[in-house]
Structure formats: C-alpha cells, structure tokens
Amino acid sequence: GQGVEQPDNLMSVEGTFARVNCTYSTSGFNGLSWYQQREGHAPVFLSYVVLDGLKDSGHFSTFLSRSNGYSYLLLTELQIKDSASYLCAVRDLLSAGNKLTFGIGTRVLVRP
Amino acid sequence: GPKVLQIPSHQIIDMGQMVTLNCDPVSNHLYFYWYKQILGQQMEFLVNFYNGKVMEKSKLFKDQFSVERPDGSYFTLKIQPTALEDSAVYFCASSPGTGGDERLFFGHGTKLSVL
C-alpha cells in the first residue's frame, strides 16, 4: 500500500533551523513534493525531488533517500512568518495523472 | 503567480440537498484535481481529470460525487445528495502536465458545512 508519515508538530527558535521529516511507502516511487500551507490558505508548492541527495533552494533545502523511503525539508534562518504546516506528498508510478498522496502535515511553530 | 479560484469560499447546506463547488483552474493547465481536507487531518485525494475524463478516483469519491468541465469553463464537483460526513474543506488544484512541471497549484478551498 501507499502511506506518508510526518510528525504532527515541531517547534523551533527564530534565527535557527527546523528539519521536517517524512517517511513514505509506495509500490512505485515517482517523486516527492513539499508544500507549505498556512491556516485557512491554499497549499503552496515548495520543492520537488526525484533523485537521491540534497537539493538546496536557498532558504530551504530538501533531501531524499529512496532506499530508505525518507525525505526531509530543512528550513534555515527561521523567521516568525515561516510558522505554517509543511506537507509532504508522494507520487506513485502506478498512479494516473500525477495523483499525490499527502502526509498529515507538520505544523512548524517558530518562536522568538 | 498563477492562481486557481474557488467559488464559493464557504457553503452551508442541509443534508440531502445538492451542492456544486466551482473551480477556475489556471489557464492552459491540463490536469485538474479535487482534494478533501477535514480539520486537523490530512489532505485526501478525491479525483483527477484530464482531457474531459476522470483518470483516477479514490474510495472517498462516492457514487454521489461527480465532476465535469463543460466547454473549458469551471471545473466542478457536484455532490448529490449531500451527507453529514461530506463536511470538509474541498481544495481544487490544477497542474500543467507538460515539460516535467510537477507543481500542483491549489485554490484557497471551499468550506462545505452540511447540517
């Protein structure tokens, strides 16, 4: 079957970093995406990874290990406005039309 | 950036009635989706739609649900009749489907309250 797991909550301090972990199981991995969702708003695309390794996008980086079914989103130099839910989503090879399976989302709270 | 618009933002309806949720996807996008999110729970896939047809639907996409996009206008989700468990936020999304662009663009959601 297919499943995406994330921790529910994560708290960190302004100016430091936060690492949001995601583990997944799928019958045929075909890419993993990260989205940011603020309360009452639409999810916004952050990153897409399909190959192993670290992908640096400035304020955040994403890591993927396909053999371990594991990814993380690393937010650096945290600002208060980074407080939001971060959703991990996986695409399955057997799925038609780019269907994504989402995790529950990790609620990141950045405090001063 | 590209925007997906959803109308209305909130709909209150009595159980058993019909409701239509409207979505104006990003122009020139080829794939369209509906997701359902109950407060505090994960975003769950309902259905995706391409070239005028449903490509895949989940178990949540009950027989009472239907989707269509007549003549390239709104992409709609119709529920007839509604049930209490249909109360949730429904997110519409669209994606280019070309050039390896994997991004989904989401609307702000329609909060459906079934009484």
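Residues numbered from 1 in each chain as written. Chains lettered and ligands numbered in written order. Predicted model: local features only at pLDDT ≥ 70, side-chain atom pairs only at ≥ 80, totals over all residues. Heavy atoms only, no water.

A. Spatial organisation of the pattern of salt bridges. Counted under the stated rule, the structure contains five salt bridges over all chains. Residues A:Arg107 and A:Glu39 are paired through a salt bridge, measuring 3.8 Å at the closest nitrogen-oxygen approach. In this pair, A:Arg107 sits in strand S11 (residues 106–111) while A:Glu39 sits in the loop between strand S4 (29–37) and strand S5 (44–49), placing the two residues 68 residues apart along the sequence. The two residues A:Arg107 and A:Glu39 agree in class, both being exposed. Each of B:Lys62, B:Glu85 and B:Asp86 takes part in a single network of salt bridges with overlapping partners. (Salt bridge = Lys/Arg side-chain N within 4 Å of Asp/Glu carboxyl O. Helix = DSSP H or I, 4+ residues; strand = E, 2+ residues; numbered from the N terminus. Buried < 20%, exposed > 50% of the residue type's maximum accessible area, 1.4 Å probe, protein only.)

B. Representation of the layout of surface pockets within the structure. As a volume, the largest pocket reaches approximately 740 Å³. Taken together, 29 residues line the largest pocket, and the ones lying closest to its centre are A:Glu39, A:Gly40, B:Gln37, B:Leu39 and B:Gly40. When residues of the lining of the largest pocket are traced back to their parent elements, those giving at least two are strand S9 (84–92) and S11 of chain A together with strand S9 (88–95) and strand S11 (110–114) of chain B. Ranked by the residues each element gives to the lining of the largest pocket, the list is headed by S11(A), at four residues. By residue class, the composition of the lining of the largest pocket is eleven nonpolar, 13 polar and five charged. By volume, the second largest pocket amounts to about 400 Å³. Around the second largest pocket, the lining is made up of 20 residues, and of these A:Ala42, A:Val44, B:Pro2, B:Lys3 and B:Phe106 lie nearest the centre. When residues of the lining of the second largest pocket are traced back to their parent elements, those giving at least two are S5 of chain A together with strand S1 (5–7) and strand S10 (105–106) of chain B. (1 Å grid on protein atoms, 1.4 Å probe; cavity = no way out; pocket = protein on both sides within 12 Å on 5 of 7 lines; lining within 4 Å. Points joined across faces, edges and corners; volume = space filled by probe spheres on them. Nonpolar A, V, L, I, M, F, W, Y, C, P; charged D, E, K, R; others polar.)

C. How the structure looks around the sheet that holds strand S8 (residues 75–79) of chain B. All names here are of chain B. In spatial order, the strands read S1-S3-S8-S7; together these four strands make up an open sheet with antiparallel pairing. Of all strands in the sheet, those bounded by a partner on one side alone are S1 and strand S7 (65–68). Ignoring strand direction, the axes of neighbouring strands in this sheet form an average angle of 15 degrees. The pairing of S1 with strand S3 (residues 19–24) spans three bridges and is antiparallel. The residue of S3 that forms the bridge with glutamine 6 is cysteine 23. (Pairing = 2+ DSSP bridges. Axes fitted to C-alpha atoms, helices over the stretch in contact; angles between N-to-C directions.)

D. Molecular detail of the interface of chain B and chain A. The partner chain A presents 19 residues to the 20 residues of chain B that form the contact. Regarding the contact of chain B and chain A, the summed buried area is about 1,700 Å², with carbon and sulfur atoms giving 57% of it. Inspection of the region where chain B meets chain A yields one salt bridge. The salt bridge partner of A:Lys99 is B:Glu56, with a shortest N-O separation of 3.5 Å. Viewed at the interface, chain A and chain B are joined by four residue pairs in polar contact (both at pLDDT 80 or more). For the side of chain B that touches chain A, the leading source of residues is strand S4 (residues 31–37) of chain B, giving four residues. Looking at the side of chain B that touches chain A residue by residue, the classes come out as nine nonpolar, eight polar and three charged. (Contact = heavy atoms within 4.5 Å. Buried area = accessible area lost by both parts, 1.4 Å probe. Polar contact = N/O pair within 3.5 Å; in protein donor to acceptor, adjacent residues only side chain to side chain.)

E. Fine view of the confidence of the model for chain B. Overall, the prediction assigns chain B a mean pLDDT of 92, with 99% of residues at 70 or greater. For chain B, strand S6 (residues 53–57) of chain B is the element with the lowest average pLDDT, namely 92, and S11(B) is the one with the highest, namely 97. (pLDDT = per-residue confidence, 0-100.)

F. Layout of the side chain of B:Asn22. Along the chain, B:Asn22 falls in strand S3. Residue contacts for B:Asn22: discarding those within four places in its chain leaves B:Leu5, B:Gln6, B:Ile7, B:Trp34, B:Tyr74, B:Phe75 and B:Thr76.

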